[in-house]
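Each chain is listed here by its residues.
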Amino acid sequence: LSVGMRIEVTGLQTRPELNGQRGELVEWVESEERWRVRMDDGSGKLLKQSSMKVVTPEGGPGILPTKAMSDSCVAEPSIAQSCRVRIAGLTGQPHLNGQLGTVMEWDDTEARWRVRMDDGSGKMLRPTNLELV
């Protein structure tokens, strides 16, 4: 996760009226172990990672990576949705090599993975340009 990412609140039981609301990550508050989120209605919230989903550029909810998900990527070393990856081997934009992100989905039309980068941007990358981390 990184500052600027769009999220949707999900799974709250004590404040179910917040479920489905969207906002933007403002900062990680280490002392609270929560993200400060600026909600679309202008209010601010402190939310656990488990209480939100990333909202993809297409508008639907994404999947936040968990330790179990990233462990499964290492246990079976093939790129799949929710795996953590590093860009490698790009020659046209070599400044991107080494950057980290999370695999969101496979695009059959482009024959590339959609990757949400840690800086909040999105990239479409060939499997040969991704390394599992």
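Q: I'm lost on the overall build of the protein chain in this one. Help?
A: Helices and strands together make up the secondary structure of the protein chain, namely 1 helix and 10 strands. Helices (α) and strands (β) of the protein chain occur, in sequence order from the N terminus, as β-β-β-β-β-α-β-β-β-β-β. Taken across its 133 residues, the protein chain has 33% of its residues classed as buried. Residue pairs at least 24 apart in sequence account for 37% of intrachain contacts in the protein chain once pairs closer than 6 positions are excluded.

Q: Just to check I follow, could you spell out the nonpolar core for this structure?
A: One finds Ile7, Val9, Leu25, Val37, Leu47 and Met52 to be the most contacted residues of the largest nonpolar core, which totals 13 residues. At the level of secondary structure, the elements contributing two or more residues to this core comprise strand E1 (6-9), strand E3 (34-39) and strand E5 (52-54). Among the elements that take part in this core, E3 stands out by supplying 3 residues, more than any other. When near neighbours in sequence (up to four residues on either side) are disregarded, leucine 25 contacts Leu1, Ser2, Val3, Gly4, Met5, Ile7, Trp35, Arg36, Val37 and Met52. Of all hydrophobic cores here, the second largest spans 11 residues; its members include Ile87, Met117, Leu125 and Leu130.

Q: What is the right way to read the side chain of serine 51 from this model?
A: Considering the arrangement of structural elements, one finds serine 51 in the loop between strand E4 (44-47) and E5. For serine 51, a relative accessible area of 10% corresponds to the buried category. Not counting residues within four places of it along the chain, the set of residues in contact with serine 51 comprises Glu8, Val9, Thr10 and Leu12.

Q: Would you take a moment to explain the pairing of E1 for this structure?
A: Bridge analysis of E1 against strand E2 (residues 22-29) gives 3 bridges, and the strand direction is antiparallel. Residue pairing in the sheet places glutamate 8 in a bridge with arginine 22 of E2. Where E1 and E5 come together, 3 bridges link them in antiparallel fashion. Directly across from isoleucine 7, in E5, lies its bridge partner valine 54.

About the criteria used
Residues numbered from 1 in each chain as written. Predicted model: local features only at pLDDT ≥ 70, side-chain atom pairs only at ≥ 80, totals over all residues. Heavy atoms only, no water. Helix = DSSP H or I, 4+ residues; strand = E, 2+ residues; numbered from the N terminus. Buried < 20%, exposed > 50% of the residue type's maximum accessible area, 1.4 Å probe, protein only. Contact = heavy atoms within 4.5 Å. Core = buried A, V, L, I, M, F, W, Y, C linked by side-chain atoms within 4.5 Å. Pairing = 2+ DSSP bridges.

Limitation: the analysis is restricted to geometry and does not speak to function.
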